[in-house]
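Structural features, examined
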Amino acid sequence: MGLIATNTYDVIVAGGVEFMSDVPIRHSRKMRGLMLKANKAKTLGQRLALLSTFRPGFLAPELPAVAEFSSGETMGHSADRLASAFNVSRAEQDEYALRSHTLAKQAQEKGYFTDLVPFKVQGIDQVVDKDNGIRVSTPESLAKLKPAFVKPYGTVTAANASFLTDGASACLIMTEEKAKQLGLKPKAFLRDFLYVSQDPVDQLLLGPAYGIPKLLKKAGVTLKDIDSWEIHEAFAGQIVANLKALDSDWFCKTYLGLSEKVGSPDLTKWNNWGGSLSIGHPFAATGVRLCMHTANRLVREDGKLGVVAACAAGGQGVAMLIERYPGATAD
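Residues numbered from 1 in each chain as written. Predicted model: local features only at pLDDT ≥ 70, side-chain atom pairs only at ≥ 80, totals over all residues. Heavy atoms only, no water.

- By the naming in an unreviewed UniProt entry, the protein goes by acetyl-CoA C-acyltransferase and is assigned to Drosophila guanche.
- Under Subcellular location (unreviewed entry), UniProt gives the following word-for-word description of the protein: "Mitochondrion".
- In its Pathway (unreviewed entry) section, UniProt records this for the protein: "Lipid metabolism; fatty acid beta-oxidation." (UniProt positions renumbered as here; feature names shortened; annotations may be inferred.)

Quick notes on helix 9 (residues 236–246)
- With 10 of its 11 residues buried, helix 9 lies for the most part within the structure.
- Taken together, the buried positions of helix 9 are occupied by Ala236, Gly237, Gln238, Ile239, Val240, Ala241, Asn242, Leu243, Ala245 and Leu246. (Buried < 20%, exposed > 50% of the residue type's maximum accessible area, 1.4 Å probe, protein only. Helix = DSSP H or I, 4+ residues; strand = E, 2+ residues; numbered from the N terminus.)

Thoughts on a nonpolar patch on the surface
- On the surface, Val11, Val13, Leu172, Leu182 and Leu184 cluster together into a nonpolar patch covering about 440 Å² of accessible area.
- On the secondary structure map, Leu182 appears in helix 7 (residues 176–182). (Patch = residues over 30% accessible without salt bridge, like charges linked within 9 Å, V, L, I, M, F, W, Y side chains within 5 Å. Areas by Shrake-Rupley, 256 points an atom, 1.4 Å probe, with all protein chains shown as cover. Salt bridge = Lys/Arg side-chain N within 4 Å of Asp/Glu carboxyl O.)

Let's talk about the pairing of strand 6 (residues 316–324)
- Of the strand pairs in this sheet, strand 3 (residues 188–197) and strand 6 are connected by 9 bridges, and their pairing is antiparallel. Across the sheet, residue Ala188 finds its bridge partner in strand 6, namely Arg324.
- Judged from the 8 bridges that link them, strand 5 (residues 305–312) and strand 6 form a sheet pairing that is antiparallel. Directly across from Val307, in strand 6, lies its bridge partner Leu321. (Pairing = 2+ DSSP bridges.)

Focus: the packing of helix 8 (residues 207–219) against helix 9
- Interaxial distance between helix 8 and helix 9 falls to 8 Å at its minimum, and their mutual angle equals 40°. Classified by the interaxial angle, the pair formed by helix 8 and helix 9 is oblique. Remark: the crossing between helix 8 and helix 9 carries right-handed chirality. Touching Gly207, Pro208, Ala209, Ile212 and Pro213 of helix 8 are Gln238, Asn242, Ala245 and Leu246, all from helix 9.
- Within the contact of helix 8 with helix 9, the residues separate by chemical class into 6 nonpolar, 3 polar and no charged. (Axes fitted to C-alpha atoms, helices over the stretch in contact; angles between N-to-C directions. Parallel < 35°, antiparallel > 145°, perpendicular 65-115°, else oblique. Left-handed = near helix turned anticlockwise from the far one by under 90°. Contact = heavy atoms within 4.5 Å. Nonpolar A, V, L, I, M, F, W, Y, C, P; charged D, E, K, R; others polar.)

So, in structure tokens, the structure goes:
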């Protein structure tokens, strides 16, 4: 949006891809150091001397983890601490996770995911034509799962956390004038956006609570003006904590500098087609998915304005205002 607004470019393809099923796994630091030294070893004696320092433990790999780079803490631990800070119970998290999967299943069965493109994997006969992480369970089954991060008393489980998955996305962005010149049919106006940053240790996942109020104020709209909410579901506990933060006088006064609480968004308009908990979260692809669901929901639900928001690594957050384009369709 910024590059187009400054006349740097006319037409931009924006998107991303994640290949989470085959992530790079690094050698240990000691093994990496040994290999770098081996590159500099010139003589046989130097190489033998290096070889004598090798230990079998050097071969233990550094297993990948979704960790915050500034603190080293896995995001699951951050989510557990955030849920505890806002008194989000295990039952509340499981209930929200079940809601996400149920709504995603309904949207899938109704054929609402028109933004999906079937993909053929080389050497595999079956075409990938739908997300395979949507699993509607029961409260009883969810309650049986053990904590995934903070053991044994944590509340974040495999079922109420977003799962890692492969995915890719792309969208076409330009001015309305340029779209008309090219004979293209726009989906929506990207009206406004902003980024926020907060403490990456204790408030890593609170980006939406910080970004949404600032976006609404900047755009001159209120909670009641928003017809569609598409908020990234990193964890069920994170979502419920952000909702509680927005509806807390103390939080909004203490951390946002407001005179009163922002209030709670209308949950009948909130992530009505599920979200990252049920559809999955290929990091680089989720942003376009949020925007496309917003654009298509505004058409199907006859709304005008939608808000997209997400938390991100580094304690960052993003919020965007999207407006339905006249005559847009949801196909």
